[in-house]
Amino acid sequence: MDALEIARWQFGITTVYHFLMVPLTLGLGLTVAVLQTVWYRTGNEQWLRMTKFWGKLFLINFIMGVATGIVQEFQFGMAWSEYSRYVGDVFGAPLAMEALLAFFVESTFLGLWIFGWKKLPKLAHLATIWAAALASLLSAYFILVANSWMQHPVGAEIIDGKAVMTDAWAVFTNNTALITFPHTLFGAFAVAGGFLLGISWFHLYRRRKEGIDSVDSQGRVVVGQDLSKGKSRDKTDYHVWIKSLRIGAVVAMVSFLGVALTGHEQAKLMFEQQPMKMASAEAACHDGTGFSVLTLGDITSPGSTNCADIVATFELPGLLSFLANGDFTTEVKGVNTLIPEYQEKYGKYYPEDPNFGPYAGQEINYLPVMEVTYWGFRLMITLGGLSALTAALALWLTRKGTVPQSKWLSRLALLSIAAPFGANSAGWIFTEMGRQPFTVAPNPQMGGIDQVFMYTAASVSPTVSAGEMLFSLITLTLVYGVLLVVELVLLTRYIRGGVGSAMPELNAASDKDDADGPAHDKNDDGDVLAFAY
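As recorded in an unreviewed UniProt entry, the chain goes by Cytochrome ubiquinol oxidase subunit I and comes from Glutamicibacter soli. Per UniProt, the chain has the following entry under Subcellular location (unreviewed entry): "Cell membrane". What UniProt records for the chain under Sequence similarities (unreviewed entry) is the sentence "Belongs to the cytochrome ubiquinol oxidase subunit 1 family."

**Q** Quick question: what am I supposed to make of the nonpolar core here?
**A** Membership of the largest hydrophobic core comes to 113 residues, with the highest contact counts inside it found for L28, W54, L57, L110, W149 and Y455. Beyond its immediate stretch of four places on either side in the chain, L28 contacts W54, L57, F58, A192, F195 and L196. F271, M380, A426 and F430 belong to the second largest nonpolar core, which has 10 residues in total.

**Q** Just checking my understanding: could you explain helix α2 (residues 45-78) for this structure?
**A** Two residues of an α-helix separated by three or four positions point the same way, owing to the 3.6 residues in each turn. Here α2 spans 50 Å end to end across 34 residues, near enough to the 50 Å set by a 1.5 Å rise per residue. Across the 34 residues of α2, 25 count as buried, placing the element largely inside the fold. With a side-chain oxygen lying 2.9 Å from the backbone nitrogen of Q46, the N-terminal cap of α2 falls on N44.

**Q** Could you clarify how one ought to interpret empty space enclosed by the protein in this entry?
**A** Where empty space is left becomes clear once a probe the size of a water molecule has been rolled over the atoms. On inspection of all chains with the given rule, the structure shows 2 cavities of 30 Å³ or more. Looking at the largest cavity, its volume works out to about 90 Å³. Taken together, 13 residues make up the lining of the largest cavity; nearest its centre are Q151, T176, T180, Q266 and M270. Those elements that place two or more of their residues in the lining of the largest cavity are α4 (122-151), α6 (175-209), α7 (235-273) and α13 (418-433). Ranked by residues supplied to the lining of the largest cavity, first place goes to α7 with 4 residues. Its residues placed into classes, the lining of the largest cavity shows 3 nonpolar, 9 polar and 1 charged. Counted as a void, the second largest cavity has a volume near 50 Å³. Together, G194, L197, A252, S387, T390, A391, S416 and P420 line the second largest cavity. Those elements that provide at least two residues to the lining of the second largest cavity are α6 and α11 (370-397). By residue number, the principal contributor to the lining of the second largest cavity is α11, which donates 3 residues. When its residues are assigned to classes, the lining of the second largest cavity shows 4 nonpolar, 4 polar and no charged.

The rules behind each value
Residues numbered from 1 in each chain as written. Predicted model: local features only at pLDDT ≥ 70, side-chain atom pairs only at ≥ 80, totals over all residues. Heavy atoms only, no water. UniProt positions renumbered as here; feature names shortened; annotations may be inferred. Core = buried A, V, L, I, M, F, W, Y, C linked by side-chain atoms within 4.5 Å. Buried < 20%, exposed > 50% of the residue type's maximum accessible area, 1.4 Å probe, protein only. Contact = heavy atoms within 4.5 Å. Helix = DSSP H or I, 4+ residues; strand = E, 2+ residues; numbered from the N terminus. Expected span 1.5 Å × (residues − 1). Polar contact = N/O pair within 3.5 Å; in protein donor to acceptor, adjacent residues only side chain to side chain. 1 Å grid on protein atoms, 1.4 Å probe; cavity = no way out; pocket = protein on both sides within 12 Å on 5 of 7 lines; lining within 4 Å. Points joined across faces, edges and corners; volume = space filled by probe spheres on them. Nonpolar A, V, L, I, M, F, W, Y, C, P; charged D, E, K, R; others polar.

Put into C-alpha cells, the structure is as follows:
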C-alpha cells in the first residue's frame, strides 16, 4: 500500500472508533437531563438514582470521546495537509464555532454538573446538565455542517486553487446538513434507548435470579428487597430498572421511526447530489425502478466491484424510484449510465500534477467499492430494524412488570445494545466511502470541471511517506485498542455495580438510617470529586 491507502485506513479506523462514543454521548446526555428534570419536579428518589447511574456511564463515555476526538483534528494537518489547505477557509468557521462555542460550553457546564451535587441550588444544578446536553447537540450540528459541505459544497468558490467561503449562511443552512442533523440525532437516541434497555434487562434478570423479585400465579411481578448490604437492592431499585427499560424501549422505537423518515429524505437528496453513491448502494448497474433486496457477485472473480459479474436475484419493482423521487415509475440512472457522465463532467484521467503522486495521469475510477456501499446500506437498515424489534419485544415481555427468568434472553438483551451502534457505524462508513473518489464531492447543480471539488488522491500530505503513515497507523490503533479495553472495563464495572456504583452511600446505608431521611438529602462534606470518581 502507498501513503494514501494507509492514510485512509488510519482515518477510517480512528473515526469509526471515535464515533462509537458520539451517539451515546448525544443520546444519553439529553436522557440524563430529562431524568434529572423529572426528579427535580417530583422529588421521587427513583429518578435521582436513575440520573446518577446513567449519568456515571455518560461521563465515562464522554471522557473517552474527548480523548479519541482530539486525534481527528491533528490528522487533518499531519496526514491530509493538501485537503486542509483546500478546505481550510470553509471548514474554519464551523470547526472554530464547534470548539470555541459549543465544546467549551459543553465541558464547562458538565464540570459544574459533576462538582455541583449538593453545592449548587437544585434548579441551577439542573440547568448545568441541560446546558451541557444542548451544547453537545450544537457541537454535533457544527461538525455535520463541515461534513455536509464535503458531501454537497455550497457557498464557496475557487480562488487561487483553494475553496473560499463566499456565503456563510449557505454553508450553515446547507440542505444536506439540515436533514443529516435530525437523522444523526435519531440514530443517537436509538443508541441511548438500546443502552438503557439492555442494561436494565440485565439488572431485572439478576434480581429474579437472586430471588429478590418473583412472580405470582398469573405471572405478575412480586417486588422484593434485600437490605443485607444496604439500600442498593431495595424496592426502589426495582422501579429504577423497570422504568429505565420501558423508557429505553419507547425511545428506541420512536427513534427508529425518526431515522426511517429522515433517512428517506436524505436518500432523495443523495440521488440528486451524489447519484453514483446511491447507484452503487443499490448495485444498480442499469437504469430502472427496482430496489435490490439481494444482489450477489461472482465469488470466483478477482473482484466484484464492477457491473460485469453481479446478478440481482431479488428486486422489489418501483421501490427504488419511490426512494429517489417519491413515485414508482421514474427510472433511476444506473452505474453504466453515470460513469460516462462523470467522465464528461470531471475528466477521465487524474491531472498530471505532482500533488496526485503515483496517481497522476491514471484513469479515475468513479465507482465506489460496491461491496461496502451495498452491504453497508443493508446492514444499517437491518441492524436498525432489529433494534426497534427488540424494543417492541421487550415492552411485550415486561408487560406484567418484570423480565422472564431466561439466561439466554438476558444475554440477547445485552447483545442487542450493539445493534444500534453497528447501524450508526455502517451508515457512516457507507456515507463516507460512497463519496469516493472525492474528499469533497462535486455539486451537480454547479456544473463544469472548474467547480468546487477535490479528489482523495490529491488530498494526502505529499511529504509523508508510507513508512511514516504505517508507523502512526499501528501506534494509534494500539493506543485506541488500550482505550477500548479501559472503557469496556470501566463500563462493565459500573454497570455490574448497579445504582450503588454511582451512589456508594446506598451500599453503606442500613435500616437505622431511615429515621434520618434519604441518603441524598444528608449533609455530605466528603470529597467533591466522589461522583466523578
